[in-house]
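Given next are the chains, with one letter for each unit.
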Amino acid sequence: MKRIATIQDFSCVGKCSLTVALPIISAMGIECCGIPTAVLSNHTGFPCFYSHDLTDDIPKISEQFNAHKITFDAISTGYIASIGQMALIEEFIREFRRDDTLIFVDPVMGDYGRLYSQITEEYAEKMRRLCAHADVITPNLTEAFMLLGEEYNAHADRGVIRSLLERLVALGAENAVITGVQRGNEIVCTGFDGEKFYEQSNTLYNVSCSGTGDLFSAVMLGAMVNGRSFAEGLDLAVKISGEAARLTLLDPDRPAYGVNFEQTIPYLIEQLEKRNGKPQ
Ligand code: PXL
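Reading the values: rules and limits
Within each chain, residue numbers correspond to sequence positions counted from 1 in written order. In view of the model being predicted, local features appear only for residues whose pLDDT reaches at least 70, and side-chain atom pairs are presented and counted only at 80 or more, with totals across whole chains, interfaces and linings using the full set of residues. Think of the side-chain values as coming from all heavy atoms in the structure, minus any hydrogens and water. When a carboxyl oxygen of Asp or Glu lies within 4 Å of a side-chain nitrogen of Lys or Arg, that pair is called a salt bridge. Counting from the N terminus, the helices are the DSSP runs of H or I reaching at least four residues and the strands are the DSSP runs of E reaching at least two. Note on exposure labels: buried denotes an accessible area under 20% of the residue type's maximum, exposed denotes more than 50%, and partly exposed covers the range between, all computed with a 1.4 Å probe on protein chains only. A 3.5 Å cut-off defines polar contacts: any pair of N or O atoms within that distance qualifies, except that in protein one atom must be a possible hydrogen donor and the other a possible acceptor, and neighbouring residues in sequence count only when both atoms are side-chain atoms. Whether two residues are in contact is decided by their heavy atoms: any pair within 4.5 Å suffices. Pairing between two strands is assigned when DSSP locates at least 2 bridges connecting them. Here an angle of 0 to 180 degrees is reported between the N-to-C directions of two axes, which are lines fitted to C-alpha atoms, with helices fitted over the stretch in contact. The criterion for a residue being near a molecule or strand is simple. One of its heavy atoms has to lie within 4 Å of it. Computed with the Shrake-Rupley method and a 1.4 Å probe, the accessible areas treat only the protein chains shown as cover for residues. In this count, Pro and Cys sit with the nonpolar residues alongside Ala, Val, Leu, Ile, Met, Phe, Trp and Tyr, while Asp, Glu, Lys and Arg are called charged and the others, Gly among them, polar. Orientation is classified from the angle alone, with under 35 degrees giving roughly parallel, over 145 giving roughly antiparallel, 65 to 115 giving roughly perpendicular, and any other angle giving oblique. Rotating anticlockwise by less than a right angle from the far helix to the near helix defines a left-handed crossing, while the corresponding clockwise rotation defines a right-handed one. Note on handedness: a clockwise path from strand one over the helix to strand two, with the strands aimed away from the viewer, defines a right-handed crossover. Nonpolar cores are built from buried Ala, Val, Leu, Ile, Met, Phe, Trp, Tyr and Cys residues. Side-chain atoms within 4.5 Å join them into one set.

Moving on, we get to the pattern of salt bridges. Under the criterion given, the structure shown has 17 salt bridges. The salt bridge partner of Arg 97 is Asp 135, with a shortest N-O separation of 3.5 Å. One end of the pair, Arg 97, is in the loop between helix 3 (84-96) and strand 5 (102-105); the other, Asp 135, is in the loop between helix 4 (121-131) and strand 8 (136-137), and 38 residues separate them in sequence. Asp 135 sits in the buried class, given a relative accessible area of 18%. The salt bridge involving Arg 167 is made with Glu 150; its shortest N-O contact spans 2.2 Å. Residue Arg 167 is located in helix 6 (residues 158-170), and its partner Glu 150 is located in the loop between helix 5 (141-147) and helix 6; the two are separated by 17 residues in the primary sequence. Taking relative accessible area as the criterion, Glu 150 reaches 32% and is therefore assigned partly exposed.

Once that is clear, we can look at the side chain of Gln 85. Turning to its location among the elements, Gln 85 is positioned in helix 3. Within polar-contact distance, the side chain of Gln 85 engages the side chain of Thr 55 at 3.1 Å. Ignoring sequence-local partners within four residues, the contact set of Gln 85 consists of Thr 37, Asp 53, Leu 54, Thr 55, Ile 58 and Ile 80.

The strand order across the open sheet formed by nine strands is 3-2-1-4-5-8-9-10-11, and the pairing between neighbours is mixed. The open sheet has two free edges, formed respectively by strand 3 (51-53) and strand 11 (197-203), since each of these has just one partner strand. The strands touched by helix 3 within the sheet are strand 1 (3-13), strand 2 (31-42), strand 3, strand 4 (74-77) and strand 5, with strand 4 carrying the most contacts at an inclination of about 170 degrees. Relative to the sheet, helix 6 contacts strand 8, strand 9 (175-183), strand 10 (186-192) and strand 11, its axis offset from that of strand 9 by approximately 155 degrees.

Further remarks concern the site of the ligand. The environment of the ligand is made up of Asp 9, Ser 11, Cys 16, Ser 17, Leu 40, His 43, Thr 44, Tyr 79, Val 108, Tyr 116, Gly 211 and Asp 214. Taking Ser 17, its side chain carries an N or O atom lying 3.1 Å from a nitrogen atom of the ligand. Out of a free accessible area of 320 Å², the ligand has 95% covered by protein chains. Residues that form the shell around the ligand fall into these classes: five nonpolar, five polar and two charged.

Moving on, we come to the packing of helix 1 (residues 18-27) against helix 7 (residues 212-225). At a minimum axis separation of 9 Å, helix 1 and helix 7 run at an interaxial angle of 30 degrees. Classified by the interaxial angle, the pair formed by helix 1 and helix 7 is roughly parallel. Remark: the crossing between helix 1 and helix 7 carries right-handed chirality. Only Asp 214, Leu 215, Ala 218, Val 219 and Leu 221 of helix 7 make contact with helix 1, whose side of the interface consists of Val 20, Ala 21, Ile 24 and Ile 25.

Turning next to the pairing of strand 5. Side chains of strand 5 alternate between two faces, with Leu 102 and Phe 104 and Ile 103 and Val 105 buried alike. Between the parallel elements strand 4 and strand 5, the chain passes through helix 3 in a crossover that is right-handed. Here strand 5 pairs with strand 8 via two bridges, running parallel. In the strand pairing of strand 8, Val 105 is matched with Ile 137.

Relative to the assigned elements, Tyr 123 resides in helix 4. Residue Tyr 123 is classed as buried on the basis of its relative accessible area of 2%. Sequence-wise, Tyr 123 and Ile 83 are 40 residues apart; in three dimensions their C-alpha atoms are separated by 5.8 Å. Residues within four places of Tyr 123 in sequence aside, it is in contact with Ile 80, Ile 83, Met 86, Val 108 and Met 109.

Here the focus is the packing of helix 8 (residues 230-250) against helix 9 (residues 265-276). The relative placement of two packed helices comes down to the angle between their axes together with the axis-to-axis distance. Their axes nearest at 10 Å, the elements helix 8 and helix 9 cross at an angle of 155 degrees. Of the possible angle classes, the one that applies to helix 8 and helix 9 is roughly antiparallel. Helix-helix and strand crossings are classified by hand; for helix 8 and helix 9 the assignment is right-handed. Contacts between helix 8 and helix 9 pair Asp 235, Leu 236, Lys 239, Ile 240 and Glu 243 from the former with Tyr 267, Leu 268, Gln 271, Leu 272 and Arg 275 from the latter. Taken together, the residues of the contact of helix 8 with helix 9 break down into five nonpolar, one polar and four charged.

Across soluble globular proteins, nonpolar side chains have a tendency to be buried as a group. Counting 46 residues, the largest nonpolar core has Phe 92, Met 127 and Ile 178 as the members making the most contacts within it. Counting only elements with at least two residues in this core, the list comes to strand 1, strand 2, helix 3, strand 5, helix 4, helix 5, helix 6 and strand 9. With near-sequence residues (within four places) excluded, Met 127 lies in contact with Ile 80, Met 86, Val 105, Pro 107, Val 108, Met 109 and Leu 147. Counting 36 residues, the second-largest nonpolar core is a separate cluster that includes Ala 21, Ile 25, Ala 223 and Val 225.

None of the figures reported here should be taken as evidence of function without further support.
Laid out in structure tokens, this is it:
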């Protein structure tokens, strides 16, 4: 079985990060080793939250992984709780990266032109460095502008997106995706592999909730670890996050609690079976 190490926070309430990545990657038939960067009572989108930073635990966890000779087919990162963790995560990647290990960085920093609580310019600078080590990065539009040190522009057209992608790849990542760009009544994700652009769109559902980007990344990562190409991973991730947005909108519970990924899992399995054939 393939094995992924994913480094992001554990938020007890408000579906995002590990509580989304673990079930999704498991449903894709991959072992998921979650390394928590922090434990939060609830994600930072709530008016207040309790956060217990786990920076000092990261080297102790990797020491044990080394002692047990644990290897990973991919290492991914999501929300990183503090700047001090960036260097430790870079160190983790250096230690556990083999020639064929996929490094997948979701530079979680903000959305809709606004940065999440606790994210600073210095944080963005460190995130830029982390992205340079990656095979795939998946910023949303806010994060793409932030990585490039540019002012946010919500009305980025296709030309602007392509130019951002070219400059993101020039930062050092092999492949980049800009997720969740609104164009009319569609939501568009565009990928760039250094040569070709790949555009995938879905119906725009008028719902804003935490975890949609984390779900997108988990699906794309899982698909690529299962041997799918960058373009195939992008296609699947757009389909699954679109369906999750549709189901979240139908859910009478407050979307502040996060994306309805749970009821999207049967659709994910259906899409995987369509692509791979049913397991015997
Ligand atoms: O989904 C992004 C995310 C992840 N983790 C935490 C967050 C957020 C967005 O608000 O607060 C803790």
